Amino acid sequence: MNRLLVALLSAFDALVAVAVGVAAALAPLTVLWAVGFGGGADWSSLWPASVRLWQFGNLVPLQVSLPQEYTVAAGIAPDALTFSLSLPPLAVALLIALFAARSGARAAGAGAGFTGVLAGTATVAVASALVAATASTPYAVVETWQAVLLPTLVFAVPALLGSVARAWRDGDDGPVDSLFVRLDRSGYAAAVSAGARGLAIAVVGFAGVGALLVGVAVLVRGGEIVSLFQAANVDAIGATAVTIGQAAYLPTFFVWGGAFAAGPGFSLGAGSTVAASGTQLGVVPGIPVLGAIPPATPPVLLLVALLLVALGFIAGSAARRRMPAPASALVADPVLPRLAAAAIVAVGGGLAVAVLSLLASGAFGPGRLDQIGPSAGAVGLAFAVEIGVGATIALLGPRTVRHADAAAERSTAGDDDQARLAGTARVE
């Protein structure tokens, strides 16, 4: 496909991503304006609020300054009227990232992956700058450079990853093919593909284990959650807004659950800890879903770390199946490629989970609420060790008896690799 056409289509994808994101924030505010205020308030004031919500969902920190009259109406101390909000609802960024990854993959499939990524990134940067320039409110202030850079990165990084993954699989007659040929000469191309598959399983599994723990906690402590909803004493519109807000934070809670399973856990304010080894809670914000957090954790919950070791074994087994079998059953698999695949799973998984933990932490109010979420370094290191143990056992242990379907799968994978090499030979 013509590179100019790919660039235009990628730019359109990026523009749609920005427009849909802002519209998704503007739509519920418009409903609230029509139902709650009967259309009597100034609708134009909804635009800055919508932009701030969109920016917040794209990881942009907000500096909130509440009006002085809130000290009496809401019982807030005067020194708490100004605070930071930097704990974003990751559901928004996740949806944008998935859309961007698909856009990058489509561009790579059309033979112009990097051109498409650059066009989409530039479009998001320009759109973010324009949106930021048209929205100004004294109650929620953002840094201009963050309002442009962070939404751009939320789109650009997944788009680049999607483009590289598609080019690695199908070829791009360019730098990715050249790298593939060099690695294949040294016998490590299959190890990279296998390690990448295991890495994807490990990271998705981390979120899955976190979701499992969050679901169990909600079921066990559902009564406390309902009590907090009732104590909030909100009407139907308020209850709907609270529910939507909590749903937007579900991926954030899944990361917290994964951090709990890994061992280090997370904090709900300065001086607090929620971990399998022990829980120390201070005053918890009256958000209903936080009622799922138990006031104490029995030591037996330390065993949940075994779920991550088992996850590492599953990821390593998937990587092992991806690697080509030796020509003879009497010949052992080369050790170094298997070590490389295990390192990709363990180190890559630790880095990915550290980034997720960093994104799932920040400030959510004044005072002690400026430290919420997991410690990125501790969680990433613990996860790398846990999945590394399981992946190493699976990758370095003896190969199990080959079933017919597994042998056929490896044979097919080998044929695909040969075809790939034949198609990329011209890059040399």
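Rules and cut-offs
Residues numbered from 1 in each chain as written. Predicted model: local features only at pLDDT ≥ 70, side-chain atom pairs only at ≥ 80, totals over all residues. Heavy atoms only, no water. Helix = DSSP H or I, 4+ residues; strand = E, 2+ residues; numbered from the N terminus. Buried < 20%, exposed > 50% of the residue type's maximum accessible area, 1.4 Å probe, protein only. Contact = heavy atoms within 4.5 Å. Phe/Tyr/Trp six-rings, centres within 6.5 Å; stacked < 30°, edge-to-face > 60°. Expected span 1.5 Å × (residues − 1). Axes fitted to C-alpha atoms, helices over the stretch in contact; angles between N-to-C directions. Left-handed = near helix turned anticlockwise from the far one by under 90°. Nonpolar A, V, L, I, M, F, W, Y, C, P; charged D, E, K, R; others polar. Pairing = 2+ DSSP bridges. Patch = residues over 30% accessible without salt bridge, like charges linked within 9 Å, V, L, I, M, F, W, Y side chains within 5 Å. Areas by Shrake-Rupley, 256 points an atom, 1.4 Å probe, with all protein chains shown as cover. Salt bridge = Lys/Arg side-chain N within 4 Å of Asp/Glu carboxyl O. Core = buried A, V, L, I, M, F, W, Y, C linked by side-chain atoms within 4.5 Å. Parallel < 35°, antiparallel > 145°, perpendicular 65-115°, else oblique.

> Can you break down the overall build of the protein residue by residue, with the values?
Each helix and strand in the protein was counted, giving 15 helices and seven strands. Expressed as a percentage of its 428 residues, the buried residues of the protein come to 43%. The long-range fraction of contacts in the protein, counting pairs at least 24 apart against all pairs at least 6 apart in sequence, stands at 76%.

> Go over the packing of aromatic side chains, please, and point to the residues and values.
Summed over all chains, the structure comprises six aromatic pairs. Centre to centre, the rings of Trp168 and Phe180 are 5.0 Å apart; their planes meet at 70 degrees, and the pair counts as edge-to-face. With Trp168 in helix 6 (residues 144–170) and Phe180 in helix 7 (residues 175–185), the pair connects residues that are 12 residues apart, well separated along the chain. Neither residue differs from the other here; Trp168 and Phe180 are each classed as buried. Linked through ring pairs, Tyr249, Phe253, Trp256, Phe266 and Phe364 together constitute an aromatic cluster.

> So, helix 5 (residues 113–134): which residues are in play, and what are the values?
With 22 residues, helix 5 should reach 32 Å at 1.5 Å per residue; the first-to-last C-alpha distance of 32 Å fits that figure. The complete set of buried residues in helix 5 reads Gly113, Gly116, Val117, Ala119, Gly120, Thr121, Thr123, Val124, Ala127, Ser128, Val131 and Ala132.

> Tell me about the packing of helix 8 (residues 189–220) against helix 13 (residues 335–359), residues and numbers included.
At their nearest, the axes of helix 8 and helix 13 sit 8 Å apart, and the two run at 35 degrees to each other. Considering the relative orientation of helix 8 and helix 13, their crossing is right-handed. Two secondary-structure elements touch here, helix 8 through Ala191, Val192, Gly195, Ala196, Gly198, Leu199, Ala202, Val203 and Phe206 and helix 13 through Pro337, Ala340, Ala341, Ile344, Val345, Gly348, Gly349, Ala352, Val353 and Leu356. Its residues placed into classes, the contact of helix 8 with helix 13 shows 15 nonpolar, four polar and no charged.

> I'd like a rundown of the pairing of strand 1 (residues 62–65), residues and numbers included.
Residues Leu62 and Val64 line the buried face of strand 1, whereas the alternating positions Gln63 and Ser65 sit on a face that is not buried. In this structure, strand 1 lies alongside strand 2 (residues 82–85), joined through four bridges in antiparallel fashion. Residue Leu62 lies in a different strand from strand 2, and its bridge partner there is Leu85. Relative to strand 3 (residues 140–141), strand 1 is paired through two bridges, and the arrangement is antiparallel. Residue pairing in the sheet places Gln63 in a bridge with Val141 of strand 3.

> Got a sec to walk through the side chain of Thr137? Specific residues and values, please.
Of note, Thr137 is situated in the loop between helix 5 and strand 3. When near neighbours in sequence (up to four residues on either side) are disregarded, Thr137 contacts Pro48 and Arg52.

> Just give me the short version of a nonpolar patch on the surface, but keep the residues and values in it.
Taken together, the side chains of Trp145, Leu149, Leu153, Val157 and Leu161 present a nonpolar region at the surface, about 500 Å² in accessible area. As for its position among the elements, Leu149 is in helix 6.

> Would you mind going over the nonpolar core in detail, with residue names and values included?
Within the largest apolar cluster, 44 residues are counted, with the highest numbers of intra-cluster contacts made by Trp256, Leu268, Leu308 and Phe383. At seven residues, the largest contribution of residues to this core is made by helix 11 (residues 250–262). Not counting the four nearest positions on each side in its chain, Leu308 is found in contact with Val209, Gly258, Ala261, Ala262, Phe383, Glu386 and Ile387.

> So what about the pattern of salt bridges? Which residues, and what values?
Going through the model one piece at a time under the given rule, you end up with three salt bridges. Its salt-bridge partner being Asp13, residue Arg106 comes within 2.7 Å of it at the nearest N-O pair. Within this pair, whereas Arg106 is found in helix 4 (residues 90–109), its partner Asp13 is found in helix 1 (residues 3–36), the two being separated by 93 residues in sequence. The exposure class of Arg106 is partly exposed, given its relative accessible area of 41%. On the basis of relative accessibility, which here comes to 13%, the residue Asp13 falls in the buried class. Among the ionic pairs, Arg169 bridges to Asp170, the shortest N-O distance being 3.1 Å. Residue Asp170 is classed as partly exposed on the basis of its relative accessible area, which comes to 44%. Sharing partners across several salt bridges, the network here consists of Arg166, Arg169 and Asp170.

> Please set out the environment of Gly271 residue by residue, giving values where relevant.
On the secondary structure map, Gly271 appears in the loop between strand 4 (266–268) and strand 5 (273–275). A sequence separation of 10 residues divides Gly271 from Leu281, and the C-alpha atoms of the two residues are 8.1 Å apart.

> Tell me about helix 2 (residues 46–57), and please be specific about residues and values.
The terminal C-alpha atoms of helix 2 lie 16 Å apart, and with 12 residues this matches the ideal 16 Å at 1.5 Å per residue to within 8%. Counting buried positions along helix 2 gives nine out of 12 residues, so the element sits mostly inside the fold. Every buried residue of helix 2 is accounted for by Leu46, Pro48, Ser50, Val51, Arg52, Trp54, Gln55, Phe56 and Gly57. Remark: Leu59 follows helix 2 within two positions and exhibits a positive phi of approximately 75 degrees.

> Requested: an account of the sheet that holds strand 3, with residues and values cited.
Spatially, the three strands line up as an open sheet ordered 2-1-3, and their pairing is antiparallel. Bordering the open sheet on either side are strand 2 and strand 3, each of which pairs with just one other strand.

> Tell me about the environment of Phe383, and please be specific about residues and values.
By secondary structure assignment, the location of Phe383 is in helix 14 (residues 376–396). Of the residues examined, Phe383 reaches a relative accessible area of 0% and is grouped as buried. Counting along the chain gives 34 residues from Phe383 to Gly349, while the straight-line C-alpha distance between them is 7.3 Å. The residues contacting Phe383, other than those within four sequence positions of it, are Ala202, Phe206, Leu308, Leu311, Gly349, Gly350, Val353 and Gly388.

> With reference to specific residues and values, describe the packing of helix 4 against helix 11.
Here helix 4 crosses helix 11 at 100 degrees, and the two axes come no closer than 6 Å. In terms of their interaxial angle, helix 4 and helix 11 are classed as roughly perpendicular. Seen from helix 4, the contacting residues are Leu90, Ala91 and Leu94; seen from helix 11, they are Pro251, Thr252 and Val255. Tallied by class, residues from the contact of helix 4 with helix 11 come to five nonpolar, one polar and no charged.

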